[in-house]
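Residue strings, one per chain:
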Amino acid sequence: MILLSIDGLPPDTRNALRYAIWAVANLFFIEYLVRLWVAPEEGRYRETSSTMARLQWAMSLPGLVGLLATVPIFMWLAGYRIVGADAASIFCALWILKLGLHAPALGTLARVVSNERAPIAGVLVLFFIVLVIAATAAHMLERGRQPEAFGSLPSALWWAVVTLTTTGYGDVVPVTVGGRLVGSVLMISGISVLAIMTGVLATGFSQEERRREYLRVWEQVARVPIFAALGVVTLSEIVGKLRTRYYPSHVTIMRRGDPGDSMFFISSGECEVRLPSGGTVRLGEGAFFGEMALLERQPRSATVATARPTTLLVLYASDFYEIASRIPALAEAVEMEAKRRREENLERMAGEPRR
Ligand code: CMP
């Protein structure tokens with residue numbers, strides 16, 4: 001569609017592009033019908049009747065965007081040419097909205113803007129205050145010398161917006177000393193206001209990510225028995241220190257001899273421990289590993305790799321030491337298992353069959 005707007009395109013290319021757009025329009029139309037049909041299958045509509053589910057989906061954001069994407073088809077049926085007639089082209093341009101539905105980060109952005117609405121509104125108000133004061137000052141100082149550019153407040157506001165956003169088209173430039181002073185202050189304020197906005201959004205993003213990670217970890221922690229006996233307060237402290245990591249199968253998590261900087265809990269999947277004796281041990285959901293290097297302050301005693309796609313909870317060494325000193329029961333359970341494993345490894349090294 002963008003290419004079609006270029007004048008002087010060879011007729012063959014123009015026709016090929018038209019057919020391509022026509023094919024896409026049909027595809028989106030079919031997609032809309034299929035999505036509408038399968039809407040009752042979506043988990044969140046399980047409780048409602050099929051008709052209500054379809055109606056609710058049609059009124060949801062994906063439904064409305066999907067509907068807009070089908071508009072070019074109806075316009076064509078009503079006699080408009082799909083490209084060439086401006087109105088139909090504009091609706092084709094709305095197809096770009098479908099991209100937004102498939103970018104989860106946009107949902108995060110919407111949540112961040114909603115969470116941070118108070119500081120964002122504060123920054124916008126600040127922006128507006130600086131804008132109006134600067135435009136008024138420039139209007140007073142410059143209108144004598146440049147009546148067309150600064151003769152009215154709206155035209156002075158245009159200059160102020162261009163300057164405050166640090167765009168600087170250069171179409172309107174203050175010429176009096178006072179006007180230039182106002183311009184300088186405005187430019188510096190512009191940089192500061194944009195920096196504050198960037199800071200607000202960046203903090204919002206990182207807080208949102210931390211919140212989501214926290215919820216993810218809560219879900220995973222329930223599957224690790226060693227945490228089951230802990231009270232909610234203790235558990236919530238630990239959850240704040242754990243990080244989730246997803247690994248495909250056959251990925252080496254640690255190698256024998258590496259320095260140990262963290263320990264891992266398996267919340268789903270399975271790992272294989274390759275022992276120095278040559279044997280292997282499988283660890284499943286709820287088990288932990290990597291504790292021996294932290295307890296003994298020694299290099300890793302074995303190589304551990306995933307045997308299946310696995311979700312691990314990672315606890316960094318410094319957090320492990322802190323938690324171990326505050327929750328002796330947890331430290332004891334980990335130490336006992338480490339002791340058992342050490343003995344097992346010694347036995348295996350000595351070649352004795354394990355009881
Ligand atoms: P670490 O020595 O830090 O790194 C390798 C890990 O493999 C080790 O901690 C244990 O968590 C784990 N491991 C070592 N030996 C055994 C064993 N016999 N059974 C289960 N896990 C083991």
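This one's a predicted model, so the numbers in the text were calculated from it and none came from an experiment.

Colleague: Help me get a handle on the sheet that holds strand 3 (residues 262–268), residues and values and all.
Modeller: Taken in spatial order, the four strands of this open sheet run 1-8-3-6, and their pairing is antiparallel. Where the open sheet ends on each side, the last strands, each with one partner, are strand 1 (243–247) and strand 6 (288–289). In the sheet, strand 1 pairs with strand 8 (residues 310–316) via five bridges, with the strands oriented antiparallel. Within strand 8, the residue paired with Arg243 across the bridge is Val314.

Colleague: How would you explain the site of the ligand if you had to name every residue and give the values?
Modeller: In the neighbourhood of the ligand, 17 residues make up the surrounding shell, with Gly290, Glu291, Arg300, Ser301 and Asn345 lying closest. Contacts to the ligand include Arg341, whose side-chain N or O atom sits 3.1 Å from an oxygen atom. With respect to the ligand, the side chain of Asn345 contributes an N or O atom lying 2.9 Å from a nitrogen atom. Isolated, the ligand exposes 460 Å² of accessible area, and the fraction of that covered by the protein chains is 100%. When residues of the shell around the ligand are traced back to their parent elements, those giving at least two are strand 5 (280–283), helix 13 (291–296) and helix 15 (328–350). Class assignment for the residues of the shell around the ligand results in ten nonpolar, three polar and four charged.

Colleague: Lay out the nonpolar core with the relevant residues and their values.
Modeller: Counting residues in each nonpolar core, the largest one holds 22 residues, and the members touching the most others are Phe227, Leu242 and Phe265. At the level of elements, helix 10 (177–221), helix 11 (225–228), helix 12 (232–241), strand 3, strand 8, helix 14 (317–326) and helix 15 are the ones that each hand at least two residues to this core. Each residue touching Phe265, except ones within four places of it in the same chain, is listed here: Val224, Ile226, Phe227, Leu242, Ala287, Phe288, Thr311, Leu312, Leu313 and Leu315.

Colleague: Outline the environment of Thr108, supporting the account with residue identities and numerical values.
Modeller: Examined against the element boundaries, Thr108 turns out to sit in helix 6 (residues 104–115). Each C-alpha atom, one on Thr108 and one on Gly204, is 9.8 Å from the other, the two residues being 96 residues apart in sequence. Setting aside its immediate chain neighbours within four residues, Thr108 contacts Phe205, Glu208 and Arg212.

What counts, and where the lines are drawn
Residues numbered from 1 in each chain as written. Predicted model: local features only at pLDDT ≥ 70, side-chain atom pairs only at ≥ 80, totals over all residues. Heavy atoms only, no water. Pairing = 2+ DSSP bridges. Helix = DSSP H or I, 4+ residues; strand = E, 2+ residues; numbered from the N terminus. Near = heavy atom within 4 Å. Polar contact = N/O pair within 3.5 Å; in protein donor to acceptor, adjacent residues only side chain to side chain. Areas by Shrake-Rupley, 256 points an atom, 1.4 Å probe, with all protein chains shown as cover. Nonpolar A, V, L, I, M, F, W, Y, C, P; charged D, E, K, R; others polar. Core = buried A, V, L, I, M, F, W, Y, C linked by side-chain atoms within 4.5 Å. Buried < 20%, exposed > 50% of the residue type's maximum accessible area, 1.4 Å probe, protein only. Contact = heavy atoms within 4.5 Å.

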